[in-house]
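Each chain, letter by letter, is given below.
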2 protein chains.
Amino acid sequence: MATSPIWASRSKTRGLVLDVIRAARTISRVELAAATGLTGATISEVVRELMDDDLIIEAGRGAPTGGKPRRLVQLNSVARYSVGVQLERNTCVIVVVDLAGRQVARTSFQGVASMPPQRALPLVSSQVDALLATATVDRDKVLGVGLVTYGPQDRRAGVLLTPQPTDEWLDYPVTRRLADSLGLPVLLDNDAAAAAIGEYWMGAVDPRSTYGCIYMATGIGGGVVVSGEVYRGGSSNGVEIGHISIDVNGDECPCGNVGCLENYAGPSALVRRAAATPGLAQRLALDPDAADFLTEFTRIAAAANAGDPTARELVERSARYLGCAAVTMASLFDVDVIVLAGPSFAVAGSIYQAVIQQEVDRRTFARRAHPVRVVPSVNGSDAAAIGGAVLVLQSELTLGHARPEDEARPVPSGPPRWTI
Amino acid sequence: MATSPIWASRSKTRGLVLDVIRAARTISRVELAAATGLTGATISEVVRELMDDDLIIEAGRGAPTGGKPRRLVQLNSVARYSVGVQLERNTCVIVVVDLAGRQVARTSFQGVASMPPQRALPLVSSQVDALLATATVDRDKVLGVGLVTYGPQDRRAGVLLTPQPTDEWLDYPVTRRLADSLGLPVLLDNDAAAAAIGEYWMGAVDPRSTYGCIYMATGIGGGVVVSGEVYRGGSSNGVEIGHISIDVNGDECPCGNVGCLENYAGPSALVRRAAATPGLAQRLALDPDAADFLTEFTRIAAAANAGDPTARELVERSARYLGCAAVTMASLFDVDVIVLAGPSFAVAGSIYQAVIQQEVDRRTFARRAHPVRVVPSVNGSDAAAIGGAVLVLQSELTLGHARPEDEARPVPSGPPRWTI
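A quick note: this is a predicted structure, and the numbers were derived from the prediction, not measured.

Thresholds applied
- Residue numbers run consecutively from 1 along every chain, following the written order of its sequence.
- Chain letters start at A and ligand numbers start at 1, both assigned in the order the entries are written.
- Residues qualify for local features only when their pLDDT is at least 70, as the model is predicted, and side-chain atom pairs are given and counted only at 80 or more; totals for whole chains, interfaces and linings, by contrast, use all residues.
- Secondary structure counts use DSSP, requiring at least four H or I residues in a row for a helix and at least two E residues in a row for a strand, with both numbered from the N terminus.
- To get the radius of gyration, use the C-alpha atoms; to get the globule rule, take the number of residues to the power 0.38 and multiply by 2.2 Å.
- Copy-to-copy superposition: least squares on the C-alpha atoms, limited to residues that have pLDDT of at least 70 in both copies.
- Here the bounds of each domain stem from an automatic or database domain assignment.
- Expected span, for any helix, means 1.5 Å times one less than how many residues it has.
- Put simply, a residue is buried when 20 or more other C-beta atoms lie within 10 Å of its own C-beta and exposed when 12 or fewer do; between those, it is partly exposed, and each C-beta is set from the backbone.
- Note on contacts: residues are paired as contacts if their backbone-placed C-beta atoms lie within 7 Å.
- Whenever a helix is involved, its axis is fitted only over the stretch in contact; in every case the axis is a line through C-alpha atoms, and angles between N-to-C directions fall within 0 to 180 degrees.
- The crossing is said to be left-handed when, going from far helix to near helix, the turn is anticlockwise and less than a right angle, and right-handed when the turn is clockwise.
- The nonpolar core is taken to be a set of buried Ala, Val, Leu, Ile, Met, Phe, Trp, Tyr and Cys residues joined by way of C-beta atoms within 7 Å.
- Paired strands, in this sense, are two strands between which DSSP finds at least two bridges.
- Should an angle fall under 35 degrees it is called roughly parallel, over 145 degrees roughly antiparallel, and 65 to 115 degrees roughly perpendicular, with every other angle called oblique.
- Classes in brief: Ala, Val, Leu, Ile, Met, Phe, Trp, Tyr, Cys and Pro nonpolar; Asp, Glu, Lys and Arg charged; the others, Gly included, polar.
- A clockwise course of the path from the first strand over the helix to the second, judged with the strands pointing away from the viewer, identifies a crossover as right-handed.

S.K.: Is there a simple way to explain the overall build of chain A in this structure?
M.R.: The secondary structure content of chain A amounts to 13 helices and 16 strands. Taking 22 Å as the expected radius of gyration for a compact globule of 420 residues, we find that chain A reaches 22 Å, a close match to that expectation. Based on the C-alpha atoms only, the size of chain A along its principal axes is roughly 70 × 55 × 35 Å.

S.K.: Would you take a moment to explain the relation of the copies chain B and chain A for this structure?
M.R.: These two copies of the chain differ by a rotation about an axis and a displacement along the same axis. For the match of chain B to chain A, the screw axis carries a shift of 0.1 Å, the RMSD comes to 0.1 Å, and the turn is 180°. Look at the turn and shift together and you get a two-fold axis relating the two. Taking C-alpha positions as reference, the residue of chain B nearest the rotation axis is aspartate 247 of chain B, located at 2.1 Å.

S.K.: Even after reading the chapter, I still don't get the domain arrangement of chain A, so can you show me in this structure?
M.R.: Accessible area lost upon the coming together of the parts is a frequently used measure of interface size. Each assigned domain of chain A is listed here: domain 1 (12-75), domain 2 (81-196 + 383-408) and domain 3 (206-376). Once you take the C-alpha centre of each, domain 1 of chain A and domain 3 of chain A turn out to be 40 Å apart.

S.K.: In this structure, what is going on with helix α1 (residues 12-24) of chain A? I would like to understand it.
M.R.: Residues three or four positions apart in an α-helix share a direction because the helix packs 3.6 residues into each turn. All names here are of chain A. Helix length check: α1, at 13 residues, gives a terminal C-alpha distance of 18 Å against a target of 18 Å (1.5 Å per residue), a fit within 8%. Buried within α1 are the following residues: Val17, Leu18, Asp19, Ile21 and Arg22. The elements touched by buried residues of α1 are β1 (26-28), α2 (29-36), α3 (40-52), β2 (56-61), β3 (71-75) and α13 (383-398). Positive phi shows up at arginine 25, right after α1, with a value of about 70°.

S.K.: Just to check I follow, could you spell out the environment of alanine 217 of chain A for this structure?
M.R.: Residue and element names in this part refer to chain A. The residue alanine 217 is located in the loop between β11 (210-216) and β12 (220-226) in this model. For the pair alanine 217 and isoleucine 57, spaced 160 residues apart in the sequence, the C-alpha separation amounts to 38 Å. Excluding residues within four positions of it along the chain, alanine 217 makes contact with Glu88, Gly342, Pro343 and Ser344.

S.K.: Hey, could you run me through the interface of chain B and chain A in this one?
M.R.: Of the residues lining the interface, 39 residues belong to chain B; the matching set on chain A comes to 39 residues. Of all the secondary-structure elements, those providing two or more residues to the side of chain B that touches chain A are α11 (309-333) and α12 (349-363) of chain B.

S.K.: What should I look at first to understand helix α10 (residues 293-305) of chain A in this one?
M.R.: All names here are of chain A. For α10, spanning 13 residues, the distance from its first C-alpha to its last is 18 Å, which sits close to the expected 18 Å at 1.5 Å a residue. The complete set of buried residues in α10 reads Phe293, Leu294, Glu296, Phe297, Arg299, Ile300, Ala301, Ala303 and Ala304. Lining the buried residues of α10 we find α8 (267-275), α11 (309-333) and α12 (349-363).

S.K.: I tried to follow the packing of helix α1 (residues 12-24) of chain B against helix α2 (residues 29-36) of chain B on my own but got confused; where do I start?
M.R.: Each packed pair of helices is defined by two parameters, the angle between the axes and the distance between the axes. Residue and element names in this part refer to chain B. Running from N to C, α1 and α2 cross one another at 115°; their axes reach a closest spacing of 10 Å. In this structure, the crossing between α1 and α2 has a hand that is right-handed. Contacts between α1 and α2 involve Leu16, Val17 and Val20 from the former and Leu32, Ala35 and Thr36 from the latter.

S.K.: Help me understand the nonpolar core, please; the structure alone is not making it clear to me.
M.R.: One recurring pattern in soluble globular proteins is that nonpolar side chains are buried together. Counting residues in hydrophobic clusters, the biggest one holds 265 residues, and the most contacted among them are Tyr215, Ile300, Ala326 and Ile338 of chain A together with Ile300, Ala326 and Ile338 of chain B. Each residue touching isoleucine 338 of chain B, except ones within four places of it in the same chain, is listed here: Tyr211, Gly212, Ile214, Ala326, Met329, Ala330, Val360, Val372 and Val374 of chain B.

S.K.: Sorry if this is basic, but what is going on with the sheet that holds strand β15 (residues 373-376) of chain B here?
M.R.: In sheet architecture, strand pairing relies on hydrogen bonds along the backbone and comes in two forms, parallel and antiparallel. Residue and element names in this part refer to chain B. Spatial strand order, β13-β12-β11-β14-β15: five strands in an open sheet with mixed pairing. A strand with exactly one partner marks an edge of an open sheet, and here the two such strands are β13 (229-230) and β15. The pairing of strand β14 (residues 337-341) with β15 spans four bridges and is classified as parallel. Bridging from a neighbouring strand, leucine 340 pairs with proline 376 of β15.

S.K.: Can you walk me through the sheet that holds strand β1 (residues 27-28) of chain B in this structure?
M.R.: Residues and elements named next belong to chain B. As summarised here, the arrangement of the three strands in space is β1-β3-β2, forming an open sheet in which the pairing is antiparallel. Of all the strands in the sheet, just β1 and β2 (56-61) have a single pairing partner and so form its edges. As paired elements, β1 and strand β3 (residues 71-75) share two bridges and run antiparallel to each other. From the neighbouring strand, isoleucine 27 faces β3, where its bridge partner is valine 73.

S.K.: Where do I start with the packing of α1 of chain B against helix α3 (residues 40-52) of chain B in this structure?
M.R.: Residues and elements named next belong to chain B. Where α1 meets α3, the axes come as close as 10 Å, and the angle between the chain directions of the two elements is 80°. By the angle class used here, α1 and α3 are roughly perpendicular. On the side of α1, the interface is formed by Thr13, Arg14, Val17 and Leu18, while α3 contributes Thr42, Ile43, Val46, Glu49 and Leu50. Here the residues of the contact of α1 with α3 are counted per class, giving five nonpolar, two polar and two charged.

S.K.: Any chance you could explain unusual backbone geometry here in plain terms?
M.R.: Among all residues save glycine, negative phi is the norm, and among peptide bonds the norm is trans. Here glutamine 164 of chain A and proline 165 of chain A are connected by a cis peptide whose omega angle stands at 0°. Mapped onto the secondary structure, proline 165 of chain A falls in the loop between β9 (159-160) and α5 (174-182). If you check the backbone angles, aspartate 334 of chain B has positive phi at about 50° while not being a glycine. Residue position: aspartate 334 of chain B is located in the loop between α11 and β14.

S.K.: What is the right way to look at the environment of valine 159 of chain B in this model?
M.R.: Residues and elements named next belong to chain B. Structurally, the position occupied by valine 159 is in strand β9 (residues 159-160). With 30 residues separating them along the chain, valine 159 and aspartate 189 place their C-alpha atoms 10.0 Å apart. Ignoring any residue separated from it by four or fewer positions in sequence, one finds valine 159 in contact with Asp154, Asp171, Tyr172, Pro173 and Val174.

S.K.: What is the right way to look at the pairing of strand β14 (residues 337-341) of chain A in this model?
M.R.: Along any regular strand, the residues point their side chains to alternate faces of the sheet. All names here are of chain A. Counting buried residues along β14, five of its five residues qualify, which places the element largely inside the surrounding structure. In β14, alternate side chains face the same way, and those of Val337, Val339 and Ala341 on one face and Ile338 and Leu340 on the other are all buried. Running through α12, the crossover from β14 to the neighbouring parallel element strand β15 (residues 373-376) is right-handed.

S.K.: How do you make sense of the environment of glycine 219 of chain B when you look at a structure like this?
M.R.: Residues and elements named next belong to chain B. Along the polypeptide, glycine 219 turns up in the loop between β11 (210-216) and β12 (220-226). On the neighbour-count criterion, glycine 219 (24 C-beta atoms within 10 Å) is buried. The spatial distance from the C-alpha of glycine 219 to the C-alpha of glycine 279 is 26 Å, given a sequence separation of 60 residues.

In structure tokens form, the structure reads like this:
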């Protein structure tokens, strides 16, 4: 097995072949050559190398097509793993995924993001350790950790550029500290961007398409993927759809903008509106002062699903606001698909999907050019955490470029221990 | 001189070297190697080939840096030309630019876009012929024509997907007809995207940056450029910033959306508002029913510039609406710069720039990550037409990929006549 630190540059060719194998699930060498445009000789060589590295395995023979049946290859999904950690305002979700992006272990716990990082990160670290142990995943096979959060970030430096959740998080070296305590490489990214790329990795979208993701948890974020890579812009702080204005005369948001989508469509806005609707508030026993307003939001969403007309009206109103922003996303990024991801679409997702689809169909500027489909995420509530893990896989295995400085490496002690 | 049809695939290497020479104006072979990461041997070979093709020339010697002074090369700007044609609602602008993107001839005329294409395109064609003759540009050196318009398009098929300006234009094969009548290749693109790429070609922006362009003529469009290439999305119909909603409760727009920016900030909205302001309407002798409302708009903009407080208030209000959309552009595309281009920024551009800058500074979500500068276009009112010509240069010379089917080729008659 070749040994090299995971930071070593990977060839684009190798990454391309691996990505096509992943997307196809099983594929022959001849089909690989056709799909990649590479010669048979190059494919044979790369396939041999990937097998030597244990990343792919033989997968029997394909259906006969005239000549002798072709030997197939597939990902060796248990060859490598990665970890996704999502820090949200209330909840921390940790997943372990295999090389195919499939979740093999999951845990979640409350309250960590409201602690200062000095207390929170050791807790996260010990939970990652425990999860890997429970899942009996060999630590030598773990490529790294994708830490995903909301709000502006400096990915390169591995720090958050927001004083949320608490003041201490601003400019604190989150990825470096987590990397040091875990002894694993850590990359920092946006939760919604992570959720978006997860769809690609899972094969849920046409790999050549441009698609968007609206991610709703306590807040609202967004991601766009162009031909299998996250749209980055100048500093990887784009697609902040929760903080675009849908009302130029609206109230000021703590972010500095006015009329932000999040304050109209997000769970806290809906809970606030529901609490001010006397019949409903009493019927659902809502506590407008609940610290975790997502519980209250879930009750309203469930009531809407169950046919409560007032609750349904509130959810539809939230969905229309989201529809307005979805139209902006479609008209600006020219997407083929908009994916709805995150825990706040879990209960009333079908109402959201129907209303947003209707708005996009009626209002997108270039709807004569092509339709825009609104679909639920294949990764559902855990899309961001799974996406965080997928970003590690993608960065290590398929993008094929040397590591940028946007990932923290644990302080070296002894020889490189990653073998891919 | 090598002869090949301009559709032939160009090597990426050759395009990259040419683009670096263009951006640097004059550069030595050693500096070229450093800037491109290519070996000295490769640079020598490509430079020789570009000289054989007459695309670059020697440019004297650089300042001594210890050793012997280095020989410099530069674009041979008179080696090739391209034509940009902008069809707007009222005006058609035609420019001829040289290989450096500098305008060498210009004409404009009224009324063509309100004719059906069967009448308009022969007129455009004869104006292009006349302009090339006046400028004494050798037709064999003309790479092609970039036709840029507003509204949804099918670039591949070379047709407009909108019944504007008149019903006959919808689905009419505009690029094929213009190519046939001119005997030149024609590509179709969006006017605001063209205006955006013109900034890059002129060296007005950091070549690695992500930047946006807000283009205002009678309507409002947008373009985004990422590392020197236009952001395309699924069908090249993105960044339609004039038709994003800034008021979810606003009136319906003919495009299908509600509260579209164009209806709040565009020239026609401003003229309408001014006409309803009795003192101002009389003082400026405004004709609210003028067919060409841009003339009325220009009067208001000039009055604002001259210190008329009512006119200034109206322009500032228009600028605030544009600022709201500029914040959306910045928060979604994560741009470093927003360029203001097009004829409707010509008169009161500095008022627009100041107000939009203020809004972006205060309201952009990730303003802690990096500032966003608002600047006027180096190409001013003709940015879209110049950009149309630049898109031809870029597509032929630097992108280095085989032509997609999104450009119409004249029906072949005799051997290929383009020599680059």
